[in-house]
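Residues per chain are reported as follows:
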Amino acid sequence: MRTLLSNNKLRFVTLIFALLIVSGPGQADRFKPDLSDRPEVRREITVAKGQSQKNVMTFNSRVVVEGQVRENVVTFGGEVLISGEVGKSVICFGSRVVIKSTAVISEDLVVLGGSLEKEPGCTIRQDTVFIPTGAKFTREVFLKGIFFQLGTIILALKLISLFFGLLLTIFVAGLFPRQVYFAAGKIRTDFWPILGTGFLAIIIYLGLIMLSALLIFVIIGIPLLILLMMVGTVLKVFGGTAFSYFFGESFLRALGVKKMPSIIWTAAIGLVVVAFLGLIPVAGLLFSLVVSLVGWGVALRTRFGTLDNWFSRN
């Protein structure tokens, strides 16, 4: 089995986070997440009759559940066929979902995009949420680019960015769950101070970028620019992950989901929802700006999820 956490392209980010994130105070240590979940990228995942698996999370794969999944099934794209038992929720984005008559889902069924077929006799003990997108709608998005005047090229770039964003979000949430959880909690309690911190940080950062650009022909200019790019990447990735978890948790609670998936899955769901909201003309641009400001602000103010307020005098 190949895990996303072993992706060689992410080693650079691993090194930077290992250098910057240190053990935080007691509040961050209160969260004890289960790190046994591992997202998978395979063509087909089958839980056969008589078999049991804790969780299933896939990207563009075919999932067949004939046996038991003890907790959650989360998919992005692909096809999902459930005729067995799921102990918690089934959450699918852009997937073709078929729920057979023998299927038992103990909590919620959430399908955003794609299609949903439910046979009579299936059991879903809590809520069913289905927001469909038909083939015609999908074709319009990809061929005409209804969200952008530049059409398919910009939309394709957005989707590529979303894919790599998912990899980084899953990686950071899986490697630093306590820090992400703590930082996300601070977004809820200290939103406006965090937003202000992010605004000031962006202004200072842009000023330093302009300064390094002016010094590009001097020896010190190039190293300064590289350093700033590294720092900006780390702030964006960690802050974006914390915001994705915060938004994913809020989104699932708004849907009535009582028991949250693991921190990795919740952050991934939040990132997908945030990305799609960012596609809305004008309002999406403003929303994306707020997300960036909050992400930078929470990364700095909490010192990557290890302090209540890094700038406090106490």
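Residues numbered from 1 in each chain as written. Predicted model: local features only at pLDDT ≥ 70, side-chain atom pairs only at ≥ 80, totals over all residues. Heavy atoms only, no water.

Chemist: I tried to follow unusual backbone geometry on my own but got confused; where do I start?
Modeler: Excluding glycine, most residues fall at negative phi; most peptide bonds, likewise, are trans. The phi torsion at Arg-303 lies on the positive side, around 50 degrees, for a residue other than glycine. Along the chain, Arg-303 falls in the segment after α8 (283-301). Given the relative accessible area of 23%, Arg-303 is considered partly exposed. Within the chain, Phe-304 stands out as a residue other than glycine whose phi angle is a positive 55 degrees. Relative to the helices and strands, Phe-304 resides in the segment after α8. (Helix = DSSP H or I, 4+ residues; strand = E, 2+ residues; numbered from the N terminus. Buried < 20%, exposed > 50% of the residue type's maximum accessible area, 1.4 Å probe, protein only.)

Chemist: Even after reading the chapter, I still don't get the packing of helix α5 (residues 191-214) against α8, so can you show me in this structure?
Modeler: For any two helices packed against each other, the geometry is given by the interaxial angle and the distance between the axes. Interaxial distance between α5 and α8 falls to 7 Å at its minimum, and their mutual angle equals 95 degrees. When the axis of α5 is compared with that of α8, the two are roughly perpendicular. Every residue of α8 that contacts α5 at Phe-191, Pro-193, Ile-194, Leu-195, Thr-197, Gly-198, Phe-199, Ala-201, Ile-202 and Tyr-205 is listed here: Val-290, Leu-293, Val-294, Trp-296, Gly-297, Val-298, Leu-300 and Arg-301. Looking at the contact of α5 with α8, its residues break down into 14 nonpolar, three polar and one charged. (Axes fitted to C-alpha atoms, helices over the stretch in contact; angles between N-to-C directions. Parallel < 35°, antiparallel > 145°, perpendicular 65-115°, else oblique. Contact = heavy atoms within 4.5 Å. Nonpolar A, V, L, I, M, F, W, Y, C, P; charged D, E, K, R; others polar.)

Chemist: Is there a simple way to think about a nonpolar patch on the surface in this case?
Modeler: Residues Phe-199, Leu-200, Ile-203, Ile-204, Leu-208 and Leu-211 make up a contiguous nonpolar surface patch of roughly 570 Å² in combined accessible area. Take Leu-208: its relative accessible area is 34%, and that puts it in the partly exposed class. (Patch = residues over 30% accessible without salt bridge, like charges linked within 9 Å, V, L, I, M, F, W, Y side chains within 5 Å. Areas by Shrake-Rupley, 256 points an atom, 1.4 Å probe, with all protein chains shown as cover. Salt bridge = Lys/Arg side-chain N within 4 Å of Asp/Glu carboxyl O.)

Chemist: Even after reading the chapter, I still don't get the packing of aromatic side chains, so can you show me in this structure?
Modeler: The description of an aromatic ring pair uses the distance of the two centres, along with the angle that the planes make with each other. In total, this model carries seven aromatic pairs according to the counting rule given. A ring pair is formed by Phe-243 and Phe-247, whose centres lie 5.9 Å apart and whose planes are at 20 degrees; its orientation type is stacked. Of this pair, Phe-243 and Phe-247 both sit in helix α6 (residues 221-254), separated by four residues, roughly a single helical turn. On the numbers, 5.7 Å between centres and 65 degrees between planes, the contact of Phe-247 with Phe-287 is edge-to-face. Of this pair, Phe-247 sits in helix α6 while Phe-287 sits in helix α8; the two residues are 40 residues apart in sequence, bridging distant segments of the chain. By relative accessible area, Phe-247 is classed as buried at 18%. Site record: aromatic cluster; members linked through ring pairs are Phe-243, Phe-246, Phe-247 and Phe-287. (Phe/Tyr/Trp six-rings, centres within 6.5 Å; stacked < 30°, edge-to-face > 60°.)

Chemist: Would you mind going over the pairing of strand β1 (residues 44-47) with me for this structure?
Modeler: On a regular strand, one side chain projects to one face of the sheet and the next to the other, so that they alternate. Burial along β1 is one-sided: the face carrying Ile-45 and Val-47 is buried and the face carrying Glu-44 and Thr-46 is not. Here four bridges tie β1 to strand β4 (residues 62-65), and the two strands are oriented parallel to one another. Across the sheet, residue Val-47 finds its bridge partner in β4, namely Val-65. (Pairing = 2+ DSSP bridges.)

Chemist: What should I look at first to understand the side chain of Arg-301 in this one?
Modeler: Within the secondary structure layout, Arg-301 lies in helix α8. No salt bridge is formed by the buried Arg-301; the nearest opposite charge belongs to Asp-190, separated by 4.5 Å. Among all residues touching Arg-301, those that are not within four sequence positions of it are Asp-190, Pro-193, Ile-194, Thr-197, Leu-307, Asp-308, Asn-309, Trp-310 and Phe-311. (Lys, Arg positive; Asp, Glu negative; His and termini not counted.)

Chemist: Just checking my understanding: could you explain the environment of Arg-96 for this structure?
Modeler: The residue Arg-96 is located in strand β9 (residues 90-99) in this model. Sequence separation between Arg-96 and Leu-81 is 15 residues, and the spatial gap between their C-alpha atoms is 8.4 Å. With residues near it in sequence (within four places) discarded, Arg-96 still touches Gly-78, Glu-79, Val-80, Ser-115 and Glu-117. At 2.4 Å, the side chain of Arg-96 forms a polar contact with the side chain of Glu-79. (Polar contact = N/O pair within 3.5 Å; in protein donor to acceptor, adjacent residues only side chain to side chain.)

Chemist: How should helix α4 (residues 177-189) be read in this particular structure?
Modeler: Since there are 3.6 residues in each turn of an α-helix, residues three or four apart along the chain are aligned in direction. The end-to-end C-alpha distance of α4, which contains 13 residues, comes to 19 Å, matching closely the 18 Å that a straight helix rising 1.5 Å per residue would cover. By the burial criterion, the buried members of α4 are Pro-177, Gln-179, Val-180, Phe-182, Ala-183, Ala-184, Lys-186 and Ile-187. (Expected span 1.5 Å × (residues − 1).)

Chemist: I tried to follow the sheet that holds strand β10 (residues 104-105) on my own but got confused; where do I start?
Modeler: With parallel pairing, five strands are arranged side by side in an open sheet as β2-β5-β8-β10-β12. In this open sheet, the two edge strands, each paired with only one partner strand, are β2 (52-53) and β12 (123-124). In this sheet, strand β8 (residues 85-86) lies alongside strand β5 (residues 68-69) in parallel orientation, the contact comprising two bridges. Counterpart to Val-69 in the pairing with β8 is Val-86.

Chemist: For this particular structure, what's the right way to read the pairing of strand β6 (residues 73-76)?
Modeler: On β6, burial covers both faces: Val-73 and Thr-75 on one face and Val-74 and Phe-76 on the other are all buried. Relative to β6, strand β3 (residues 56-59) runs parallel, the two sharing four bridges. Each bridged residue has a counterpart across the sheet, and for Phe-59 the counterpart in β6 is Phe-76. Relative to β9, β6 runs parallel, the two sharing four bridges. Along β9, the bridge assignment pairs Thr-75 with Cys-92.

Chemist: Please explain the nonpolar core as it appears in this structure.
Modeler: Note that soluble globular proteins tend to have their nonpolar side chains buried in a common cluster. Formed by 56 residues in total, the largest nonpolar core has its most connected members in Met-57, Phe-76, Phe-93 and Phe-243. Broken down by element, the residue count for this core peaks at 12 residues, all from α6. When residues no more than four places from it in sequence are discounted, the contact partners of Phe-243 are Ile-187, Val-274, Phe-287, Val-291 and Val-294. Ranked by size, the runner-up nonpolar core spans 21 residues in total, among them Val-47, Val-73, Ala-103 and Leu-109. (Core = buried A, V, L, I, M, F, W, Y, C linked by side-chain atoms within 4.5 Å.)

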